[in-house]
Amino acid sequence: MRLLTHNMLSCNIKGVSNGFPLRLEAEKWVEKEVELNADFLRGIFPKIEWKALAGAARALGYNELPDEADASMLDADDFLRRFHHALLELHVEEGALVCPETGRRFPINKGIPNMLLHEDEV
């Protein structure tokens, strides 16, 4: 699971009002090189919840993202490379996503998060 995916997921358990961001508990992750596409990064940037991305990257030991970011930073090649690496090259293979409100754990197996709800959670 890329951190791009993590940034788009939330807990949809019935009655949960604070289901984002999911806390990332990674047991295994890998880095997979992906060609940098600056236009894609500039287009996706407004849709990214920055604090969630930076927090997830830190959970994987990647501390190269600033605490805050704005669109003006997209003109700097160094920032684009760090943003690209965190968003697209860090892959969580095993672990869990945890709802910040309920503590419900959603497992990640072979890079795929299982966000299916139990019958009583729908």
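Residues numbered from 1 in each chain as written. Predicted model: local features only at pLDDT ≥ 70, side-chain atom pairs only at ≥ 80, totals over all residues. Heavy atoms only, no water.

Per an unreviewed UniProt entry, the protein chain carries the name Multifunctional methyltransferase subunit TRM112 homolog A-like and comes from Phoenix dactylifera. Of the comments in the UniProt record for the protein chain, the one headed Sequence similarities (unreviewed entry) reads "Belongs to the TRM112 family." In the Subunit (unreviewed entry) part of its UniProt record, the protein chain is described as follows: "Interacts with TRM9." (UniProt positions renumbered as here; feature names shortened; annotations may be inferred.)

Caption draft 1: Looking closely at the sheet that holds strand 1 (residues 23-31). The strand order across the open sheet built from four strands is 1-2-3-4, with neighbouring strands paired in antiparallel fashion. A single partner strand is all that each edge strand has here, and the edge strands are strand 1 and strand 4 (112-113). Sheet topology places strand 3 (residues 105-109) next to strand 4; two bridges connect them, and they run antiparallel. Within strand 4, the position partnered with asparagine 109 by the bridge is isoleucine 112. (Pairing = 2+ DSSP bridges. Helix = DSSP H or I, 4+ residues; strand = E, 2+ residues; numbered from the N terminus.)

Caption draft 2: Inspection of the packing of aromatic side chains at higher detail. Following the criterion strictly, the structure yields five aromatic pairs and no others. By way of ring pairs, the aromatic residues Phe45, Trp50, Phe79 and Phe83 are connected into one cluster. (Phe/Tyr/Trp six-rings, centres within 6.5 Å; stacked < 30°, edge-to-face > 60°.)

Caption draft 3: Just helix 3 (residues 50-59), in detail. Here helix 3 has its buried residues at Trp50, Ala52, Leu53, Ala54, Ala56 and Ala57. Residues of helix 3 that are buried sit in contact with helix 1 (3-8), strand 1 and helix 4 (77-89). Trailing helix 3 by a residue or two, glycine 61 shows a phi angle of about 85°, which is positive. (Buried < 20%, exposed > 50% of the residue type's maximum accessible area, 1.4 Å probe, protein only. Contact = heavy atoms within 4.5 Å.)

Caption draft 4: Region of the structure containing unusual backbone geometry. The omega torsion of the bond from phenylalanine 20 to proline 21 falls at -5°, within 30 degrees of zero and hence cis. Within the fold, proline 21 resides in the loop between helix 1 and strand 1.

Caption draft 5: Focus on the pairing of strand 3. What you see with strand 3 is a clean split: Phe106 and Ile108 sit on the buried side and Arg105, Pro107 and Asn109 on the side with no burial. Here strand 2 (residues 90-98) pairs with strand 3 via four bridges, running antiparallel. Across the sheet, the residue bridging to glycine 95 is isoleucine 108, located in strand 3. Between the antiparallel neighbours strand 3 and strand 4 lie two residues, among them lysine 110 with a positive phi of about 55°.

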